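# Coordinate inspection notes
Here is what each chain is made of, one letter per residue.
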Amino acid sequence: MKISILNTWSSKFTKASKLVFFATLVIFSLIPYLWLISTAFKPTSEVVAFPPNFIPKNPTFNNIRKVFEVAPFLRFFLNSTIVSVTATLSALIFGSMAGYAFAKLRFPGRNTIFLIVIATMMVPWQITIIPLFNLIVKLRWVNSYQALVVPKFVAGFAVFLMRQFIMGIPDELIEASRIDGCSYFRIYLSIILPNIKPALASLTIFKFLSMWNDYLWPIIVVKTPLMRTLPLGVALFFTEESRSPSFYNLIMSASFLALLPTVVLFLALQKYFIRGVVLSGLKG
Amino acid sequence: MKTRTIESVSAYMFIMPALIVLCLFIIYPMFLNLYISLFKWPLLGSTRIFVGLKNYIRIFSEDPVFWVTLKNTFYFGAGYVFLVTISGLLIAVLLWDMSRFYQTVVKTILFLPAVSMLVCISLIWIWMYMPQLGLISYLLSLLGIRGPAWLRDTTWAMPSIIFMMVWKDMGYVMVLYLAGLSGIPESYYDAAKIDGAGAWNRFWHITLPLLKPASLFVVATGTIKAFQVFAPVQLMTNGGPGDATRVLLLHIYHKGFLFSRMGEAATLSTILFILIFVVTAIQLKYYHSGFIT
Amino acid sequence: MNKVKLIAMSLAFLMLSFMALAGGQKEAEGPKRVTLNIVEHVFTPVNELTEEVIKKYTNENPNVKIEYFNVPFNEFRTTLLTGFAGGIPPDIMAPDYPWIPEFAAEGLLDPAPADVVKDVKENLVAIANSAASYDGVIYGYYPKVGTQMLFYNVDLVKEAGLPTDPEAMEVTWDEFVPIAKALTKVDASGNMTQAGIVFRIGYELTSNFANFLWSNGGDFFNEAFTRPRVNEPAAVEALQYMYDLYWKHGAGDPNFLEFFEAFTTGRAATTMFFSAGIARFSKANPDLNFQVALSPKGRTEPAAIVGAFVWTVSSASANKETAWDFVRFRNNEEHMLQEALVTHFSPSRKSLLTRPEIVNDKYFPHLARIAEYARRRPATVLWAEARETVGRYLDRVIITDELTPKDALDKAAEELKNLIKSK
């Protein structure tokens, strides 16, 4: 319990009115999800019923089944996993390696190069979609996993974040191993990495989510159905061709399936998610 | 001497992978973008004609859509950043002295939309905003109000998208503010209390200024994020009705990948970059001049 | 030690996944095997037919392997554009016919072989020739004629006490107003419960507008495509008429449901859509009793803007001969008839028009009559952009009531002028 005077302004409200406020807020946040679930399990006849019933009278799994029939949904899932996991791993490895060098090693041009890395953080990749696509064309990577992943291997942010954390590791710790005759790579593995676990976890969550949820880049480089990632796969259900009275229960079923993994993961690891976001946010 | 060399060589090897990726996929495309913007560069075929600054001139003088997208980008940015910051701050301050249990519950639920896939969120809200059959129409009809066709109404389309994005991100902002609040030492308040400052005064003169780093972060990243909004507008309105929700990034995407005008799209990208750069710089400047106590 | 393992495993995963994926990309090509990639947009009846034809074809030609992809229509154009740009165009594609000029002008399409040209010229209806050609060169088969027309709900028309045969619906603008009004229902508090007519939105509205524009003697461009004509009086009049149906006569409401939901749930008495509507509406609601007619006409002849797709071969294909062989097979008499029957688009092969399956059908006789007034979209490389540009301004008149028809079309004309200049 924090019985705190910090709360200054909010202490003007009574506890009861606050509870009402937060109850409303929680409902407000959940309503779209409830509506999603409700529609996803409705038979066609109930979707367009007005007034709508929140709890389907005859709930059905048909829509969920149909999602897998209409599109290779598992393949979308697999694509997203491959793309997100690969990009996350590479960001962790390349980011922490470079972060280590910038934080703890001395080499000519360190400050200049680091400044360049910082400068790249000012360039959101979205504004380079035109030249990036050109580059992918030159590399003959259109419609490939390489196109989805390689440009996202590591960003300036990952390097910066890692450097900030590695700076916090005391030099004495490293010096001691130096004297023991450890190589720099050994130090990186046995001292640096174990000491920045929270940062690695934070970057994992940040990078994984941004890859998993990205829509703009895949829509540009993906050409065939089997290369689609999950967001593109879900969008597939929202096209003019897929229209029918069961249009919305099918879309909602697809959305439900696409949201399920991240939501479950989030609820299970809620503490780490929130801490990760705060860490990457406030350190960065 | 030798150790020094080994250290340098190792360091270069450590930064090499990251540096190659950054150079190839961020720095090089930046310059390539500038280069392309000087050409009439169709997506189809290989006829590329150097036109100098003509693309820039054309966009400023002959493309009325550009000015509309500029206005819409700022409209979305201002509306989204303002609302998401205020609501996040408000919720964080109110939640601060609740018990741990309540904090966890509220944090978890409000944060859920922030980790959800934006494409799915957009699709859910399209269905909710639907006239006649949608949930919002129904809830309003209980109050005897006939709402507009949200996403097809010039006045309401953009606010509807902003509202959805605020709903999605306010939990995220709240969490950042909660972290900011936990960094404020209680001694500040003790002193203020002794001085007899009222609750409102304390919030205004102590809490808010001390939250400034958090606010700067929320506003700066929020602005950058807002300038890159794409999936919701593309799916929910595709820029319509008319041009009511056409934002710069959507315009770039259409110009480049739908109308085969890569040169003009690159030009628009350069403009968007300058815009983001300037706005961020202003925010930083304001932050440094306005608050160093 | 564990850390080392972890890193090693991560790296190994990276490498392996790339190797596996890179390997997966490449086809293990035998000495004589030919692989063809085919892309078509998503339209279930056609996709199913194509799949069937592919199965038949590969059974007869075991050395040919065919990879068939479907792309939703709203992504189709970008997919083809970026596919061409990325150097991986499909061997065979069925693009929307207005894109033929754009692709052909860049030399991306293979001109049809002599026998295909002869077949198209001699045995197909005239519009098939014009839709598949650019600058006098024919680029492939246009197997089915799709027209934009008036769809009406027969039951609702009957309920309003109006004659239900298509000829009775094919009237002038002035005569259509009372019909649309009679088909509109409003509840006690003034809210629309049934729309007399529902137009589409955005660039799709341009197709709705085209029928009105052309049937009033107007056009989008002059013949040489050097000057826009969308702000001439005939065009302003056409847009004014559409505007009046919604905002003056109250026969439509932009806040109402969209055309598809409205029409398939019996909440719209009429709407305007392409031939694909027959299959799509029936699939969405098998009980829906509807019929098609020419849309109302202005001062001149009625008009029906033409849609649909051309089977063509990429000039970059490594197996053009096999590709054309498949295109011929896909568009032979038998398959064209099948395609017509499953889609309810008119077949473009003249010999099929007298077949009993066609003559005795509920829709084909009316489609044939409508096809007499069929008119292709302007054959300019600018059409895709022009359609979008005009649509944005039509929205601001019909959907949002921000601009007067004259102002909107003046602005649209100004933008079109700049487009022409910049190409």
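What you see is a predicted model; the values in this text were computed from it and never measured. (Residues numbered from 1 in each chain as written. Chains lettered and ligands numbered in written order. Predicted model: local features only at pLDDT ≥ 70, side-chain atom pairs only at ≥ 80, totals over all residues. Heavy atoms only, no water.)

## Structural notes on the overall build of chain A
What chain A contains, in helices and strands, is 15 helices and 0 strands. In summary, chain A has a C-alpha radius of gyration of 24 Å against a globular reference of 19 Å for 284 residues, an excess of more than 25%. Along the first, second and third principal axes, the C-alpha atoms of chain A reach 75 × 60 × 35 Å. Across the 284 residues of chain A, 62% fall into the buried class. Partitioning the intrachain contacts of chain A with sequence separation of at least 6 by distance along the chain shows that 73% fall at a separation of at least 24. Counting every atom, chain A has about 11,300 Å² of accessible surface; 69% of that belongs to carbon and sulfur. Distance between charge centres in chain A, computed from 26 positive and 9 negative side chains, equals 4 Å. (Helix = DSSP H or I, 4+ residues; strand = E, 2+ residues; numbered from the N terminus. Rg over C-alpha atoms; globule rule 2.2 N^0.38 Å. Buried < 20%, exposed > 50% of the residue type's maximum accessible area, 1.4 Å probe, protein only. Contact = heavy atoms within 4.5 Å. Areas by Shrake-Rupley, 256 points an atom, 1.4 Å probe, with all protein chains shown as cover. Lys, Arg positive; Asp, Glu negative; His and termini not counted. Charge placed at Lys NZ, Arg CZ, Asp CG, Glu CD.)

## A short note on the pattern of salt bridges
Applying the stated criterion to the full structure yields 40 salt bridges over all chains. Here Glu204 of chain C ties to Arg200 of chain C by a salt bridge, and the two come within 3.3 Å at their closest N and O atoms. For the pair Glu204 of chain C and Arg200 of chain C, a shared accessibility class is recorded, and that class is buried. With a shortest N-O distance of 3.7 Å, Arg328 of chain C and Asp325 of chain C are connected by a salt bridge. With a gap of 3 residues between them, Arg328 of chain C and Asp325 of chain C both fall in helix 14 (residues 320–330), about one helical turn apart. Here the residues in one salt-bridge network are Arg58, Glu62, Asp63, Lys255, Arg261 and Glu264 of chain B together with Glu385 and Lys421 of chain C, joined through shared partners. (Salt bridge = Lys/Arg side-chain N within 4 Å of Asp/Glu carboxyl O.)

## Structural notes on the pairing of strand 11 (residues 270–273) of chain C
Residues and elements named next belong to chain C. Along strand 11, one buried face is formed by Thr270 and Met272 and the opposite face, lined by Thr271 and Phe273, is buried too. Pairing of strand 8 (residues 149–153) with strand 11 involves 4 bridges; the strand directions are antiparallel. Residue pairing in the sheet places Tyr152 in a bridge with Thr270 of strand 11. (Pairing = 2+ DSSP bridges.)

## Overview of the domain arrangement of chain A
Residue and element names in this part refer to chain A. With domains assigned, chain A is organised as domain 1 (21–60) and domain 2 (69–283). Just the C-alpha atoms count here: the centres of domain 1 and domain 2 sit 33 Å apart. Across the boundary between the two partners, domain 1 contributes 10 residues, which contact 9 residues of domain 2. Interface area for domain 1 against domain 2, summed over the two sides, is near 790 Å², with a carbon-plus-sulfur share of 79%. Among the residues of domain 1 in contact with domain 2, Leu36, Ala40 and Thr44 are the three that bury the most area, contributing 52% of the side total. Our enumeration of links across domain 1 and domain 2 arrives at 0 salt bridges. Between domain 1 and domain 2 we count 2 residue pairs in polar contact (both at pLDDT 80 or more) in total. For the side of domain 1 that touches domain 2, the secondary structure elements donating two or more residues are helix 1 (15–40) and helix 2 (44–47). (Domains from an automatic or database assignment. Buried area = accessible area lost by both parts, 1.4 Å probe. Polar contact = N/O pair within 3.5 Å; in protein donor to acceptor, adjacent residues only side chain to side chain.)

## Describing the interface of chain B and chain A
Listed by partner, the interface residues are 105 residues for chain B and 104 residues for chain A. Both sides together, the interface formed by chain B and chain A hides about 9,800 Å², and carbon and sulfur atoms give 80% of it. Among the residues chain B hides against chain A, the three largest losses belong to Phe14, Phe25 and Trp127 of chain B. Together they make up 9% of the total. Counting across the interface, chain B meets chain A through 1 salt bridge.

## A few points about helix 5 (residues 114–123) of chain C
Residues and elements named next belong to chain C. By the burial criterion, the buried members of helix 5 are Val116, Val117, Asp119 and Val120. Considered in projection along helix 5, the buried side chains sweep an arc of 160 degrees and stay on one side of the axis. For helix 5, exposure combined with an orientation more than 90 degrees from the buried face picks out Ala114, Lys118 and Lys121. Contact partners of the buried residues in helix 5: helix 6 (126–131), strand 5 (137–138), strand 6 (140–141) and helix 14. (Arc of directions from axis to C-beta.)

## Some points on the sheet that holds strand 2 (residues 64–71) of chain C
Residue and element names in this part refer to chain C. Pairing is mixed across the open sheet formed by 5 strands, whose spatial order is 2-1-3-14-6. Strands with a single pairing partner mark the edges of an open sheet, and in this sheet they are strand 2 and strand 6. Packed on one face of the sheet, helix 2 (residues 44–60) meets strand 1 (34–41), strand 2 and strand 14 (311–313) and runs near 175 degrees to strand 2. (Axes fitted to C-alpha atoms, helices over the stretch in contact; angles between N-to-C directions.)

## Quick word on the interface of chain A and chain C
The interface is formed by 35 residues belonging to chain A together with 38 residues belonging to chain C. Interface area, chain A with chain C, both sides summed: about 3,200 Å², of which 67% is carbon and sulfur. Among the ionic pairs, Arg228 of chain A bridges to Glu75 of chain C, the shortest N-O distance being 2.3 Å. In this structure, the connection of chain A to chain C is made through 2 residue pairs in polar contact (both at pLDDT 80 or more). The dominant element in the side of chain A that touches chain C, judged by the number of residues it contributes, is helix 4 (residues 73–104) of chain A, at 6 residues. Looking at the side of chain A that touches chain C residue by residue, the classes come out as 21 nonpolar, 8 polar and 6 charged. (Nonpolar A, V, L, I, M, F, W, Y, C, P; charged D, E, K, R; others polar.)

## Section: empty space enclosed by the protein
Here the structure, examined in full by the defined rule, presents 9 cavities of 30 Å³ or more. Looking at the lining of the second largest cavity, the elements that each hand over two or more residues are helix 2 (54–62) and helix 12 (248–257) of chain B together with helix 18 (383–399) and helix 19 (405–422) of chain C. The greatest single-element share of the lining of the second largest cavity, amounting to 4 residues, is contributed by helix 18 of chain C. Looking at the lining of the second largest cavity residue by residue, the classes come out as 3 nonpolar, 4 polar and 9 charged. (1 Å grid on protein atoms, 1.4 Å probe; cavity = no way out; pocket = protein on both sides within 12 Å on 5 of 7 lines; lining within 4 Å. Points joined across faces, edges and corners; volume = space filled by probe spheres on them.)

## Some details on the sheet that holds strand 11 of chain C
All names here are of chain C. An order of 11-8-12 is seen for the 3 strands of this open sheet, with the pairing classed as antiparallel. Both edges of this open sheet fall to strand 11 and strand 12 (290–293), since each of them pairs with a single strand only. Shown here is a sheet whose adjacent strand axes are inclined to one another by a mean of 30 degrees, direction ignored.

## Thoughts on a nonpolar patch on the surface
Nonpolar side chains collect at one region of the surface, where Met122 of chain A together with Ile274, Phe277, Val278 and Ile282 of chain B lie side by side and expose about 450 Å² of accessible area between them. Among the secondary structure elements, Phe277 of chain B is positioned in helix 13 (residues 262–290). Among the residues examined, Phe277 of chain B registers a relative accessible area of 42% and is labelled partly exposed. (Patch = residues over 30% accessible without salt bridge, like charges linked within 9 Å, V, L, I, M, F, W, Y side chains within 5 Å.)

## Overview of unusual backbone geometry
Residues and elements named next belong to chain B. Following Gly240, the chain continues into Pro241 via a peptide bond in cis, with omega recorded as -10 degrees. If you trace the backbone, Pro241 turns up in the loop between helix 11 (231–236) and helix 12. Positive phi, normally seen in glycine, also occurs at Asn238, with a value near 50 degrees. Assignment of secondary structure puts Asn238 in the loop between helix 11 and helix 12.

## Points about the confidence of the model for chain A
Mean pLDDT for chain A: 87, with 93% of residues reaching 70 or above. Scored below 50 in pLDDT, residues 1–8 of chain A makes 24 contacts in the model with residues more than four places away or belonging to other chains. (pLDDT = per-residue confidence, 0-100.)

## Quick look at the packing of helix 1 of chain A against helix 7 (residues 154–182) of chain B
Two numbers describe a pair of packed helices, the interaxial angle and the distance between the axes. Their axes nearest at 11 Å, the elements helix 1 of chain A and helix 7 of chain B cross at an angle of 115 degrees. Considered as vectors, helix 1 of chain A and helix 7 of chain B are oriented roughly perpendicular to each other. For the crossing formed where helix 1 of chain A meets helix 7 of chain B, the hand is left-handed. Of the residues in helix 7 of chain B, those touching helix 1 of chain A at Leu25, Phe28, Ser29, Pro32 and Tyr33 of chain A are Phe163, Trp167 and Met170 of chain B. Here the residues of the contact of helix 1 of chain A with helix 7 of chain B are counted per class, giving 7 nonpolar, 1 polar and no charged. (Parallel < 35°, antiparallel > 145°, perpendicular 65-115°, else oblique. Left-handed = near helix turned anticlockwise from the far one by under 90°.)

## Overview of the packing of aromatic side chains
Given two aromatic rings, one states the distance between the centres and the angle between the planes to describe the pair. Residue and element names in this part refer to chain C. Here the structure, examined in full by the defined rule, presents 81 aromatic pairs over all chains. Positioned over the ring face of Phe345 is Lys144, at 5.2 Å from the centre of the ring. Residue placement shows Lys362 over the ring face of Phe290; its charged tip is 5.9 Å from the ring centre. (Phe/Tyr/Trp six-rings, centres within 6.5 Å; stacked < 30°, edge-to-face > 60°. Lys NZ or Arg CZ within 6 Å of the ring centre and 35° of its normal.)

## Things to note about the pairing of strand 2 of chain C
All names here are of chain C. When strand 1 meets strand 2, the two strands line up parallel, connected through 8 bridges. Within strand 2, the position partnered with Val39 by the bridge is Phe69. In this view, the connection linking strand 1 to its parallel neighbour strand 2 by way of helix 2 has right-handed handedness. (Right-handed = clockwise from strand over helix to strand, strands pointing away.)

## Focus: the environment of Met236 of chain B
All names here are of chain B. Mapped onto the elements of the fold, Met236 is located in helix 11. The class for Met236 is buried, based on a relative accessible area of 9%. Taking the C-alpha atoms as reference points, Met236 and Ile126, 110 residues apart in sequence, are found 6.1 Å from one another.

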